[in-house]
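An overview of the molecular structure
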Amino acid sequence: MSSTPDIPQLIVEGIHERKGRSVTIIDLSALDTATTSRFIIAEGTSTTQTAAIAECVEEYVRKNSGVKPYAIDGADVGDWVILDYGDTWVHIFLPDTRQRYRLEDLWSDAKITTIPDLD
């Protein structure tokens, strides 16, 4: 009997593999206006790191579950990279860009969970 992979957990592990920081999970499942069930948000310190985090998440999730994102956008610029896993969207920001868009404030009526940094 095989178990269903925990894609959000694999995403967080992939983020941590490349030293992504300030990971937040926004549970949007109870909101009628949301287009997905959850956002996972993280930060990198440079455009190179945000792209590396996104690449690592894609590879880590695929290797451990066989699941591929439907789309990846922003990796060529790197200040905001999005991976679309259908019911989970991964946002990897530079700190200034994250502050500008403030997704946690925009979706403050959702359940928000902060994941501790590894170091």
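For the structure, check the block above.
Residues numbered from 1 in each chain as written. Predicted model: local features only at pLDDT ≥ 70, side-chain atom pairs only at ≥ 80, totals over all residues. Heavy atoms only, no water.

1. Here's the deal with the overall build of the protein chain
Formally: Secondary structure elements follow DSSP: runs of H or I of four or more residues count as helices, runs of E of two or more count as strands, with numbering from the N terminus. Throughout, radius of gyration means the C-alpha value; the globule benchmark is 2.2 Å times the number of residues raised to the power 0.38. When a residue's accessible area, from a 1.4 Å probe over protein chains only, is under 20% of the maximum for its type it is buried; when over 50% it is exposed; and in between it is partly exposed. The contact criterion used is simple: two residues touch if any of their non-hydrogen atoms lie within 4.5 Å. Where accessible areas are quoted, they stem from the Shrake-Rupley method and a 1.4 Å probe; at the residue level, only the protein chains shown are allowed to cover. Within this scheme the basic residues Lys and Arg register as positive and the acidic residues Asp and Glu register as negative, but His and the chain ends are omitted. Each charge is placed at NZ for Lys, CZ for Arg, CG for Asp and CD for Glu.
If you tally the helices and strands in the protein chain, you get four helices and six strands. Secondary structure elements of the protein chain occur, N-terminal to C-terminal, as α-β-β-α-β-β-β-α-α-β. For 119 residues, the compact-globule estimate of 2.2 N^0.38 gives 14 Å, and the C-alpha radius of gyration of the protein chain, at 13 Å, lies within 12% of that figure. For the protein chain, the proportion of its 119 residues judged to be buried stands at 41%. For the protein chain, the share of sequence-separated contacts (at least 6 apart) that also reach a separation of at least 24 residues comes to 61%. As displayed, the protein chain has an accessible area near 6900 Å², and 48% of this comes from carbon and sulfur atoms. Of the side-chain charges in the protein chain, 11 are positive and 20 negative, and the distance between the mean point of each set is 4 Å.

2. Some points on the environment of Gly-74
One can find Gly-74 in the loop between strand 3 (71-73) and strand 4 (80-84). In this structure the C-alpha to C-alpha distance between Gly-74 and Ile-92, which are 18 residues apart in sequence, comes to 9.4 Å. Discounting residues that sit within four places of it in the chain, Gly-74 has contacts with Trp-80 and Val-81.

3. A short note on helix 1 (residues 7-17)
For an α-helix, 3.6 residues make a turn, and residues three or four places apart therefore share a direction. Most of helix 1 sits inside the fold, with eight of its 11 residues counted as buried. Listing the buried residues of helix 1 in full gives Ile-7, Pro-8, Leu-10, Ile-11, Val-12, Gly-14, Ile-15 and His-16. Against strand 1 (21-27), strand 2 (38-43), helix 2 (47-65), strand 5 (88-93) and strand 6 (111-115) lie the buried residues of helix 1. Lys-19 sits one or two residues past helix 1 and shows a positive phi near 65°.

4. Quick notes on the pairing of strand 1
Convention followed: Only strands joined by at least two bridges in the DSSP assignment are considered to pair.
Both strand 1 and strand 2 contribute to a ladder of five bridges, which runs antiparallel. Bridging across to strand 2, Asp-27 finds its partner in Arg-38. The pairing of strand 1 with strand 6 spans five bridges and is antiparallel. Bridge pairing in strand 6 links Asp-27 to Lys-111.

5. What about the packing of aromatic side chains?
Worth spelling out the cut-off: In this scheme Phe, Tyr and Trp rings, the latter by its six-membered ring, pair at centre separations within 6.5 Å, and the angle between planes marks the pair as stacked below 30 degrees, edge-to-face above 60, and tilted otherwise.
Under the defined criterion, the tally for this structure stands at four aromatic pairs. Between the aromatic rings of Phe-39 and Trp-89, the centroid separation amounts to 5.7 Å while the plane-to-plane angle is 20°, which identifies the pairing as stacked. With Phe-39 in strand 2 and Trp-89 in strand 5, this residue pair connects regions lying 50 residues apart in the sequence. Given a relative accessible area of 6%, Phe-39 falls into the buried group.

Taken by themselves, the reported measurements are silent on function.
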